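# Structural overview
Each chain is listed here by its residues.
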Amino acid sequence: MSSPYPLGLRLAGRRVVVVGGGAVATRRVPALLDAGADVLLVSPELTPALRAHVDAGRLRWEPRRFAPGDLDGAWLVQTAIDDRAAAAAVSDAAAERRIFCVRADDRAAATAWTPAVTRHGPVTVAVLGGGDPRRAMSVRDAVRALLSAGKGTDSVGQRSPVDTPGGREPTVGRVALVGAGPGDRELITVKGWRLLTEADVVVADRLVPGLLLDELRAGVELVDASKIPYGPSRAQEEINRILVDRALAGAFVVRLKGGDPYVFGRGGEELLACAAAGVPVTVVPGVTSAIAAPAAAGIPVTHRAVAHEFTVVSGHVAPDSPASLVRWDALAGLRGTLVILMGLKNLAAITETLLAHGRPAQTPAAVVQEGTTGGQRVLRSTLGAVAADVVAEGLRPPAVVLVGDVVGTLDG
Ligand code: SAH
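Because the structure is predicted, anything quoted here is derived from the model rather than measured. (Residues numbered from 1 in each chain as written. Predicted model: local features only at pLDDT ≥ 70, side-chain atom pairs only at ≥ 80, totals over all residues. Heavy atoms only, no water.)

Okay, the overall build of the protein next. Within the protein, the secondary structure is distributed over 13 helices and 17 strands. Relative to its full complement of 412 residues, the protein shows a buried share of 44%. Of the contacts made within the protein by residues no fewer than 6 positions apart, 61% connect residues no fewer than 24 positions apart. Element-wise, carbon and sulfur atoms account for 55% of the exposed surface of the protein, whose accessible area totals about 20900 Å². Taking the 44 positively charged and 42 negatively charged side chains of the protein as two groups, their mean positions are separated by 4 Å. (Helix = DSSP H or I, 4+ residues; strand = E, 2+ residues; numbered from the N terminus. Buried < 20%, exposed > 50% of the residue type's maximum accessible area, 1.4 Å probe, protein only. Contact = heavy atoms within 4.5 Å. Areas by Shrake-Rupley, 256 points an atom, 1.4 Å probe, with all protein chains shown as cover. Lys, Arg positive; Asp, Glu negative; His and termini not counted. Charge placed at Lys NZ, Arg CZ, Asp CG, Glu CD.)

Right, let's talk about the domain arrangement of the protein for a bit. Under the domain assignment used here, the protein contains domain 1 (15-114), domain 2 (115-149), domain 3 (171-284) and domain 4 (290-403). Spacing between the C-alpha centres of domain 1 and domain 4 amounts to 53 Å. (Domains from an automatic or database assignment.)

Let's shift gears to the site of the ligand. Close to the ligand lie 18 residues, the nearest being Val263, Thr288, Ser289, Gly371 and Ala399. A distance of 2.9 Å is found between an oxygen atom of the ligand and a backbone nitrogen or oxygen belonging to aspartate 260. At a separation of 2.7 Å, a nitrogen atom of the ligand approaches a polar backbone atom of glycine 371. For the ligand, whose unbound accessible area comes to 540 Å², protein coverage reaches 92%. Taken together, the residues of the shell around the ligand sort by class into 11 nonpolar, five polar and two charged. (Near = heavy atom within 4 Å. Polar contact = N/O pair within 3.5 Å; in protein donor to acceptor, adjacent residues only side chain to side chain. Nonpolar A, V, L, I, M, F, W, Y, C, P; charged D, E, K, R; others polar.)

Our focus in this paragraph is the nonpolar core. Leu354, Val367 and Val390 are the most contacted members of the largest nonpolar core, which totals 21 residues. Those elements giving two or more residues to this core turn out to be α11 (328-332), β14 (337-341), α12 (347-356), β15 (364-369), α13 (386-393) and β17 (399-403). Discounting chain neighbours no more than four positions away, the residues touching leucine 354 are Trp328, Leu331, Ala332, Leu338, Arg359 and Leu383. Ile188, Leu196, Val220 and Val284 belong to the second largest nonpolar core, which has 18 residues in total. (Core = buried A, V, L, I, M, F, W, Y, C linked by side-chain atoms within 4.5 Å.)

Attention now goes to the environment of glycine 404. Relative to the elements of secondary structure, glycine 404 occurs in the segment after β17. Sequence separation between glycine 404 and valine 90 is 314 residues, and the spatial gap between their C-alpha atoms is 59 Å. Leave out the neighbours within four places in its chain, and glycine 404 touches Gly336, Arg359, Thr363 and Pro364.

Our next topic: the packing of aromatic side chains. Under the counting rule described, the total for this entry stands at zero aromatic pairs. Lying across the ring of tryptophan 75, arginine 14 places its NZ or CZ 4.5 Å from the centre. In this structure, arginine 107 packs its charged tip against the face of tryptophan 113, placed 4.9 Å from the ring centre. (Phe/Tyr/Trp six-rings, centres within 6.5 Å; stacked < 30°, edge-to-face > 60°. Lys NZ or Arg CZ within 6 Å of the ring centre and 35° of its normal.)

Turning our eyes to something else, we now look at the sheet that holds strand β8 (residues 174-179). A sheet is described by the order of its strands in space; here five strands give the open sequence β10-β9-β11-β8-β12, paired in parallel fashion. One side of each edge strand has no neighbouring strand; the edge strands of this open sheet are β10 (221-224) and β12 (281-284). Pairs of neighbouring strands in the sheet enclose a mean axial angle of 15°, with direction left out of account. Packed onto the sheet, helix α9 (residues 267-276) meets β8, β11 (252-257) and β12 and runs at close to 170° relative to β8. (Pairing = 2+ DSSP bridges. Axes fitted to C-alpha atoms, helices over the stretch in contact; angles between N-to-C directions.)

The next point concerns the side chain of threonine 79. Relative to the helices and strands, threonine 79 is located in strand β4 (residues 74-79). Residues in contact with threonine 79, not counting those within four places in the same chain, are Val19, Ala87, Val90, Cys101, Val102, Arg103, Ala104 and Asp105.

The interhelical angle for the contact between α12 and α13, taken along N-to-C directions, is 160°, at an axis separation of 8 Å. The orientation of α12 with respect to α13, classified from their angle, is roughly antiparallel. Pair α12 / α13 crosses with right-handed handedness. Residues Leu347, Ala348 and Thr351 of α12 form the contact with α13, whose participating residues are Val386, Ala387 and Val390. Taken together, the residues of the contact of α12 with α13 break down into five nonpolar, one polar and no charged. (Parallel < 35°, antiparallel > 145°, perpendicular 65-115°, else oblique. Left-handed = near helix turned anticlockwise from the far one by under 90°.)

As structure tokens, this is what we get:
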């Protein structure tokens, strides 16, 4: 058999016909939509996932069997049906019109093959296995593992010819504010991890999982933001300065922050500082400890018929302080889940305020220290007793305090 000739089809706005509405079509259609193709789906029936695309107006559906006229104006056709005779009829109609036809039922009879694919930012790796899809997938998996491990990122990273036409070095770098997740190193997003492996400079928080930093590629400049020797406000200015200076010097800087960058993380201030200096910024959201730490302790922040709301609040300013922006009296009147971050130091004052404004003392409460990590500790208590229990048990930050009936709902 002669070897296939690889191509990257640019399908934006171009008609692609998919015949069939089952599992194979369900897997094939998203990549076509992602490529911007004008998808016409011909099939008497659809899976719910395909119907969702139809309902959202992302593709056109003809609810019937294939007719050769369906190929009018098409650039490509894919059959996703088991019925060989029906697929052969589609394939014959396509050949007559000189349209390439991918066949799910018979690769040997197809005029085009779809490769196994892995995508890394702007780079797409497509693998054909010489007629053996399993071989293609295992090679693809190996390449994907290599790219996710950060190896070979010099060729797919920020300063590759992919990003800089003509191979010129960019004069201004950029900054990514990346949420590292709550502590478990696997709870960073795929995008966050990819950017981390591409970074020239990583500026990391105290709460960032250490193991993530362990895996950075050699030669990365690592700045530990928690070691900056000034008070909190000077330290923030200093961090902003480091981000801007390194980026203006051409580096790709990843600002790695615990949880989500915009949940009590001062990510907004860093974004503004970069914007003011003309440095482009990407924000990669993260899994916040406000939801993940309770989850890791078996506490859902909402539960049907138990809590239809959750409120995330910072406890780092005492309730009676003039600097407080939180209406603790109003929070006491809510029935749902209260999630308090940075709340241990002021916990006695916070719980007293909630009790004074009417939240019942027997309301279940819990504290999750170092949630999602190997050092996780969980304390279960009540609103009336939790402050004393935290002291008695010697719980320390970082910890999330939960108040509400969701505490205990999943306990046997
Ligand atoms: N941006 C972070 C929160 C920063 S404020 C996020 O989205 O998670 C820091 C507070 O977050 C800590 O004082 C603590 O209340 C909470 N926190 C962060 N990591 C935590 C963890 N693993 N377990 C429990 N609480 C955590």
